[in-house]
Amino acid sequence: MTDATPLDASAPRRDFIREMVADDVATGRFGRAPATRFPPEPNGFLHMGHAKSICLNFGIAKEFGGSCNLRFDDTNPFTEDMKYVESIKRDVQWLGFRWDHEYYASDYFEQLYAIAEALVQKGKAYVDSQTEEEIRVNRGTVTSPGTPSPYRTRSVEENLDLLRRMRAGEFPDGAHVLRAKIDLAHPNMIMRDPLLLRIRREAHHYRRGSTWKIYPLYDFAHGLSDAIEGITRSLCTLEFKDNRDIYDWLVAEAGFTNPPTQIEFARLELDYTVLSKRKLLRLVNEGHVSGWDDPRMPTIAGLRRRGVRPEAIRAFAEVIGVARKDARVEIATFEHAVRDDLNMEVPRRLAVLNPLKVILTNFPEGRVEQLEAQDYPHDVPKTGTRTLPFGRELYIDRDDFMEDPPKKFFRLSPGNEVRLRFGYIIKCDSVVKDATGAIVELHCSYDPETRSGGANSDRKVKGTIHWVSAAHALSCEIRLYDRLFSQPDPDDVPEGQDFLAALNPQSLVVIADAKVEPTVGNDPVGSRYQFERTGYFMSDVEDSRPGHLVFNRIVGLRDSWAKELKKG
RNA sequence: UGCCCCUUAGCUCAACUGGCAGAGCGUCUGACUCUGGAUCAGAAGGUUCCUGGUUCGAUCCCAGGAGGGGCAACCA
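What you are looking at is a predicted structure, and each value in this text was computed from that prediction instead of being measured.

Q: How do you make sense of the overall build of chain A when you look at a structure like this?
A: Regarding its fold elements, chain A presents 13 helices and 27 strands. For 568 residues, the compact-globule formula gives about 24 Å, and the C-alpha radius of gyration of chain A, at 31 Å, lies well above that figure. The principal-axis extents of the C-alpha atoms in chain A amount to approximately 100 × 60 × 45 Å. The buried share of chain A, reckoned over its 568 residues, is 51%. Restricting the contact set of chain A to residue pairs at least 6 apart, pairs at least 24 apart contribute 72%. Charged side chains in chain A number 79 positive and 87 negative. The centres of these two groups are separated by 1 Å.

Q: Just to check I follow, could you spell out the protein's contact with RNA strand B for this structure?
A: Around RNA strand B, the surrounding shell holds 64 residues, and the nearest of these are Glu19, Arg136, Ala323, Asp379 and Ser452. Near the protein, meaning within 4 Å, the atoms of RNA strand B are sugar or phosphate in a fraction of 67%, with bases accounting for the rest. Arg328 places a polar main-chain atom, nitrogen or oxygen, 2.4 Å from a sugar or linking oxygen of RNA strand B. When residues of the surface near RNA strand B are traced back to their parent elements, those giving at least two are α5 (132–138), β6 (195–199), β11 (327–329) and α13 (560–567). Ranked by the residues each element gives to the surface near RNA strand B, the list is headed by α13, at four residues.

Q: What exactly am I supposed to notice about the packing of helix α4 (residues 109–121) against helix α6 (residues 156–167) here?
A: Between two packed helices, the angle of one axis relative to the other and the distance separating the axes together describe the packing. Closest axis-to-axis distance for the α4/α6 pair is 9 Å, and the angle between their directions is 160°. Relative to α6, α4 is oriented roughly antiparallel. Here α4 runs over α6; the crossing is right-handed. Contact residues: Glu110, Tyr113, Ala116, Glu117, Val120 and Gln121 in α4; Val156, Asn159, Leu160, Leu163, Arg164 and Arg167 in α6.

Q: Quick question: what am I supposed to make of the pattern of salt bridges here?
A: Here the idea is simple: oppositely charged side chains can pair when their charged atoms come close. Applying the stated criterion across every chain yields a total of 56 salt bridges. Here Arg71 and Glu229 are joined by a salt bridge, their closest N and O atoms 3.2 Å apart. Linking Arg71 in strand β2 (residues 67–72) with Glu229 in helix α7 (residues 218–229), this pair joins segments that are 158 residues apart in sequence. On the accessibility criterion, Arg71 (0% relative accessible area) is buried. When salt bridges that share partners are traced, they join Asp293, Arg305, Glu477, Arg479, Asp540 and Asp543 into one network.

Q: Explanation requested: the sheet that holds strand β13 (residues 351–352) in the structure shown.
A: Two pairing modes exist for strands in a sheet, parallel and antiparallel, and in both the strands are linked by backbone hydrogen bonds. As summarised here, the arrangement of the seven strands in space is β12-β25-β26-β27-β23-β24-β13, forming an open sheet in which the pairing is mixed. At either margin of the open sheet sits one strand with a lone partner, and together these are β12 (348–349) and β13. Alignment of strand β25 (residues 528–531) against strand β26 (residues 535–539), held across four bridges, turns out to be antiparallel. The partner of Phe531 across the bridge, within β26, is Gly535.

Q: Help me out: how do you make sense of the domain arrangement of chain A in this one?
A: Size of an interface, as often reported, equals the accessible area lost when the parts are brought together. Here chain A is partitioned into domain 1 (16–108 + 220–336), domain 2 (120–219) and domain 3 (348–472). Here the C-alpha centroids of domain 2 and domain 3 sit 74 Å apart.

Q: Just checking my understanding: could you explain the environment of Gln93 for this structure?
A: Here Gln93 is to be found in helix α3 (residues 82–94). Under the relative-accessibility criterion, Gln93 is labelled partly exposed at 36%. Residues Gln93 and Pro310, spaced 217 residues apart in sequence, show a C-alpha to C-alpha distance of 9.9 Å. When near neighbours in sequence (up to four residues on either side) are disregarded, Gln93 contacts Arg98 and Trp99.

Q: Quick question: what am I supposed to make of the sheet that holds β6 here?
A: The strand order across the open sheet formed by four strands is β4-β5-β6-β7, and the pairing between neighbours is antiparallel. This sheet does not close on itself; its edge strands, each paired only once, are β4 (125–128) and β7 (214–216). Neighbour-to-neighbour, the strand axes of this sheet turn through a mean angle of 20°, independent of strand direction. Taken together, the three bridges between β6 and β7 define a ladder with antiparallel strand orientation. For Arg198, the partnering residue across the bridge sits in β7 and is Tyr215.

Q: I would appreciate a short explanation of the pairing of β4 in the present structure.
A: Residues Ala125 and Val127 of β4 are buried on one face, and the alternating residues Tyr126 and Asp128, pointing to the opposite face, are buried as well. One ladder, built from four bridges, connects β4 with strand β5 (residues 177–180); its direction is antiparallel. What sits directly across from Val127, in β5, is Leu178.

Here is what the cut-offs are and how they apply
- Per chain, residue numbering runs from 1 following the sequence as it is written.
- Both sets of labels track the order of writing: A upward for chains, 1 upward for ligands.
- The predicted nature of this model means local features are confined to residues of pLDDT at least 70 and side-chain atom pairs, given and counted, to a pLDDT of 80 or more, with totals for whole chains, interfaces and linings taken over all residues.
- No hydrogens and no water enter the side-chain calculation; it runs on all heavy atoms of the structure.
- Segments assigned H or I by DSSP are reported as helices when at least four residues long, segments assigned E as strands when at least two residues long, and all are numbered from the N terminus.
- In this setup the radius of gyration rests on C-alpha atoms only. A globule is expected at 2.2 Å times the number of residues raised to 0.38.
- Summary of the burial criterion: residues with accessible area below 20% of their type's maximum are buried, those above 50% are exposed, and those between are partly exposed, where the area comes from a 1.4 Å probe applied to protein chains only.
- The contact rule is simple, with two residues in contact once any of their heavy atoms fall within 4.5 Å.
- His is not counted, nor are the chain ends; Lys and Arg add positive charge and Asp and Glu add negative charge.
- Taken as the charge location is NZ of Lys, CZ of Arg, CG of Asp or CD of Glu.
- The cutoff for a nearby residue is simple: one of its non-hydrogen atoms must lie within 4 Å of the molecule or strand.
- Counted as a polar contact is a pair of N or O atoms within 3.5 Å, where, for protein atoms, one must be capable of donating a hydrogen and the other of accepting one, and residues adjacent in sequence contribute only when both atoms are in side chains.
- Whenever a helix is involved, its axis is fitted only over the stretch in contact; in every case the axis is a line through C-alpha atoms, and angles between N-to-C directions fall within 0 to 180 degrees.
- Here roughly perpendicular refers to angles of 65 to 115 degrees, roughly parallel to angles under 35, roughly antiparallel to angles over 145, and oblique to all remaining angles.
- Each crossing gets its hand from how the near helix is turned against the far one by less than a right angle, where anticlockwise is left-handed and clockwise is right-handed.
- Each reported salt bridge corresponds to a side-chain nitrogen of Lys or Arg within 4 Å of a carboxyl oxygen of Asp or Glu.
- Any two strands are treated as partners once DSSP identifies two or more bridges connecting them.
- Note that domain bounds follow an automatic or database assignment of domains.

Here's what the structure looks like:
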């Protein structure tokens with residue numbers, strides 16, 4: 001069939017999963033359209049790793065004209081909560097996907113129970129009454145076979161009786177457990193009589209209340225839920241590779257014809273952060289961040305709050321691709337996707353993070369000029385302009401002035417000239433300091449001939465810096481977010497410490513009184529900008545309001561000056 | 001004393017199952033010249049972990065070896 005398909009250069013490159021799905025379609029293997037599912041457990045917020053899976057599952061359904069369900073894998077009553085299902089639904093939709101059906105594994109409990117009884121009837125499952133400890137010990141180790149439980153040979157009648165009484169709530173937690181009867185010496189540990197059902201007599205399930213006294217384990221619930229829904233390809237991460245054996249065993253024993261099959265792919269690992277709901281939950285619970293939507297969190301909610309657009313996340317998912325090898329992705333790859341998206345979308349504005357006052361000594365007192373400023377650079381296919389007030393007193397960024405600059409410093413320094421973006425070329429004449437020697441302001445002169453767009457505006461100077469008019473600028477709070485951890489792999493810490501030891505104390509730096517051009521004052525919250533030469537920002541949807549503007553740094557601009565400095 | 005997965009450019013990763021090995025970042029060079037800490041373009045860069053085998057042809061298939069990872073939760 002490959003010969004029959006002409007090579008199409010414009011066709012997107014496919015990963016191994018899409019290849020397999022394409023093959024399913026070509027051979028009619030499943031006799032139905034490709035069906036996938038995204039199966040989160042509602043015990044935490046979704047993060048970047050889930051985003052990868054979402055893009056994969058929903059993307060395949062879309063590309064192949066199939067379907068994708070959202071199914072909550074809610075089989076553990078101790079950890080799950082309705083607030084998480086709501087956040088998950090919101091996040092999936094925000095990412096730009098719509099599910100065909102919304103399902104809950106907890107709605108399949110009755111069917112699962114029927115399958116359990118059927119397995120018992122067939123002699124393929126039994127009730128074990130060993131303690132948790134005994135079960136673990138008797139499972140053996142990776143290098144030695146386990147020993148069968150003394151209860152393994154119970155009669156079908158006794159098993160059935162016990163199972164029904166488990167369900168009826170006659171036994172306390174841990175008294176009995178339902179196990180598949182497979183092989184205690186199986187080379188795959190998963191297949192050593194895996195547990196199917198456990199007693200949770202007192203548990204309160206967030207959806208089923210106290211009606212159920214027994215709950216299925218992942219292996220028992222997952223594959224069968226897929227089969228019930230008619231999924232064709234069950235996509236999961238690499239660590240479930242060994243579970244595939246029990247997946248296949250169960251759907252076959254349950255009598256499903258043409259059952260779904262599992263394909264594993266590498267989970268996402270991102271530098272300088274953690275992608276584990278357990279760890280993210282600790283960050284939230286122990287107060288290391290302000291919540292699941294803290295802009296430093298790699299959660300979908302955190303990225304959204306920070307200002308990242310769903311387009312950037314989807315583009316990122318596409319570039320990292322999917323493979324069968326564990327993949328640790330550099331944070332720079334993600335930041336690149338974010339910049340790449342924002343660069344083409346958001347208007348430019350001028351903001352001064354660390355204000356240093358500049359007085360133009362030869363500019364008439366009280367005079368205000370209106371300068372026209374482009375919203376987008378020449379290579380962005382968007383247009384727009386705004387007017388910037390320009391006066392005798394300005395603010396520039398402290399970083400843009402050096403009293404004793406190194407060779408390649410093209411910004412302002414005593415006796416040197418620099419262009420003010422959209423404005424004039426100015427020259428630094430003198431530096432004013434306070435008693436401690438700290439620089440308090442600069443006295444400069446401007447060249448009236450060099451106004452932007454004017455007749456003689458083409459005089460060249462080495463650098464252009466951003467500025468705001470002191471009389472017109474709006475004060476604002478700026479939150480500079482940086483990576484949450486100070487090392488690429490937060491888990492790589494000395495013996496006896498955990499990932500919290502790698503937390504970056506500088507991950508949030510708040511600038512209480514920055515200055516921004518007045519044009520942004522009435523923009524709605526959630527507006528995004530590039531503050532020229534600084535980075536991309538979004539006004540915070542929770543805390544920003546007229547009179548108290550708050551901007552989150554989404555991502556900085558590529559910083560080649562920092563590299564220059566490093567080179568020394 | 002097991003079973004399974006992985007090893008490709010400086011780095012992080014792709015490569016549609018046998019047909020000239022690709023991308024991002026980084027590096028270098030150039031362009032624009034009012035983001036010079038932005039943006040854009042081009043280039044350099046590979047013994048595809050090692051050793052054998054099969055084949056006209058191997059990153060891909062087979063055997064052995066080395067290195068990394070997953071599996072022994074009544075979590076998912």
